[in-house]
Amino acid sequence: MIERSISATIRKSAAQVPVVTLLGPRQAGKTALVRELFPEYTYVNLEDRSARELAENDYLGFFSRYPEPLIIDEVQRVPELLSAIQVRVDEDRKKNGRFILTLSHQPRLSEAVAQSLAGRTAVHTLLPLSFEEIKKAGKTESLDQSIVRGFMPGLYLDNARDPHAYYRDCLDRYLERDLRQMISLRNPDAFLRFMTLLAGRTGRAVNLSGLSGEVGVSSATLGEWLSVLEDSFVVFRLQPYFSKVSRRIVKSPKVYFSEPGLAAYLLGIETPRQASRDPLRGNLFENIVVLEAMKARLNAGREPNLFYTRTEKGVEVDLILKKEGMLYQYEIRSSMTPNREFSRNMRVFCDSEPDAGGMSVIYCGEPYDSYIGCRYVNYLDAAALIREAGQAV
């Protein structure tokens, strides 16, 4: 198993609070990680029908059969179990690390966790593999190979499946199983068409009214579908940055995929050669880098605090990290050659925002500590760059 960067964060939380809750997409490695970190714990998966029915109908019998300390996998299948966990935790608040909970989609349950287990749980999110984790495992590939393969741990096994077949099956399971647990989907073909259109707009602000005609459903329905995709960790939204001095900026969030390999599959990209020529290669690269930044923050147990900004005149900064009151800017380019134009929009942002800090370009070329007042970093080192924000280089 590839070592996960979030491991130390989870171990620390288990020593400090009674319950650790781990969110994240299906197949991202949640189960393998918690079972490796806590091998002495009892384990139960609520996808198992008999275990689920016992939890639903006889929670006392459930905890008798599965004693503490306990890992409960896919706890969203029986959300009522959270109240029973709360009661057990409150019987002895001094005892930590009693329950490890995992879940793969979060509508309603996140709210239930916040209400039932407030002050009793630490919540973390595990996304698919980062470049940093892949590099440490000695499995680094070219950018175009990474676009096709994606970052799911199962695709980095020695006997891994073909990525195209892997994502096809993942998508089929999602449409046929997970969505049924969340919504009553009457038109799966339209939903799939919506997902494909989103893949073609990754890294862009999405106009649901404009997509409505292409998908054939109302913009209100598309808004509900987008929320479902976000709740099940298929996509996420990068919000625009607002401040008191910001004027006339685009207010719509950008949409990215939590697994760029799935976006590539939806776009019909099957080979690295095809990826290298695809007109959306730059968008998929931006998706990958934004994810690297998010993974770096989440793996350290921090809120992402990531944004972008774009004015109505087209001045855009791809990524902004707000940290300790400062705004760190990142331009994302799939180029291999430094260019003075890459930092132009960041300079405009610095002139308008008094809290704007260092400027960095994340690209495919060699690193430079300073090129025309801007730092250049290869995308494989994006996570380290995010962690170092505000520190002396």
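I will try to describe carefully the structure that is included in this document. Not measured: the values here are computed from a predicted model.

### Quick notes on the overall build of the protein
Right, on to step 1. Of the regular secondary structure elements, the protein holds 17 helices and 14 strands.
Right, on to step 2. Over its C-alpha trace the protein gives a radius of gyration of 22 Å, about what one expects of a compact globule, namely 21 Å for 393 residues.
Right, on to step 3. Overall, the protein is about 65 × 50 × 45 Å in size when its C-alpha atoms are taken along their principal axes.
Right, on to step 4. Per-residue burial over the protein gives 53% buried out of 393 residues.
Right, on to step 5. A sequence separation of at least 24 residues applies to 67% of the contacts in the protein between residues at least 6 apart.
Right, on to step 6. Surface accessibility of the protein: about 18000 Å² in total, with carbon and sulfur atoms responsible for 46%.

### A short note on the side chain of Ser146
Right, on to step 1. Its place among the elements puts Ser146 in helix α8 (residues 143–149).
Right, on to step 2. Those residues in contact with Ser146 that sit more than four places away from it in its chain are Phe131, Glu141 and Phe151.

### Things to note about the nonpolar core
Right, on to step 1. Counting residues in hydrophobic clusters, the biggest one holds 76 residues, and the most contacted among them are Tyr174, Phe194, Met195, Leu229, Phe257 and Tyr330.
Right, on to step 2. Looking at this core, the element that brings in the most residues is helix α15 (residues 281–299), giving 10 residues.
Right, on to step 3. With residues up to four places along the chain from it excluded, the contact list for Tyr174 reads Leu179, Phe191, Met195, Val228, Leu229, Ser232 and Val234.
Right, on to step 4. With 24 residues, the next largest nonpolar core counts Ala55, Phe62, Leu82 and Leu117 among its residues.

### Some thoughts on the pattern of salt bridges
Right, on to step 1. Counting across every chain of the model gives 27 salt bridges.
Right, on to step 2. The closest approach of N and O atoms between Arg26 and Glu47, which form a salt bridge, is 2.8 Å. With Arg26 in the loop between β1 (19–23) and α2 (30–37) and Glu47 in the loop between β2 (42–45) and α3 (49–57), this residue pair connects regions lying 21 residues apart in the sequence.
Right, on to step 3. The partner of Glu68 in a salt bridge is Arg98, with the nearest N and O atoms 2.7 Å apart. Remark: Arg98 occurs in the loop between α5 (81–90) and β4 (99–103) and Glu68 occurs in the loop between α4 (59–65) and β3 (70–73); sequence separation between them is 30 residues.
Right, on to step 4. According to the relative accessible area criterion, Arg98 is buried, its value standing at 6%.

Conventions we followed
- Residues numbered from 1 in each chain as written.
- Predicted model: local features only at pLDDT ≥ 70, side-chain atom pairs only at ≥ 80, totals over all residues.
- Heavy atoms only, no water.
- Helix = DSSP H or I, 4+ residues; strand = E, 2+ residues; numbered from the N terminus.
- Rg over C-alpha atoms; globule rule 2.2 N^0.38 Å.
- Buried < 20%, exposed > 50% of the residue type's maximum accessible area, 1.4 Å probe, protein only.
- Contact = heavy atoms within 4.5 Å.
- Areas by Shrake-Rupley, 256 points an atom, 1.4 Å probe, with all protein chains shown as cover.
- Core = buried A, V, L, I, M, F, W, Y, C linked by side-chain atoms within 4.5 Å.
- Salt bridge = Lys/Arg side-chain N within 4 Å of Asp/Glu carboxyl O.

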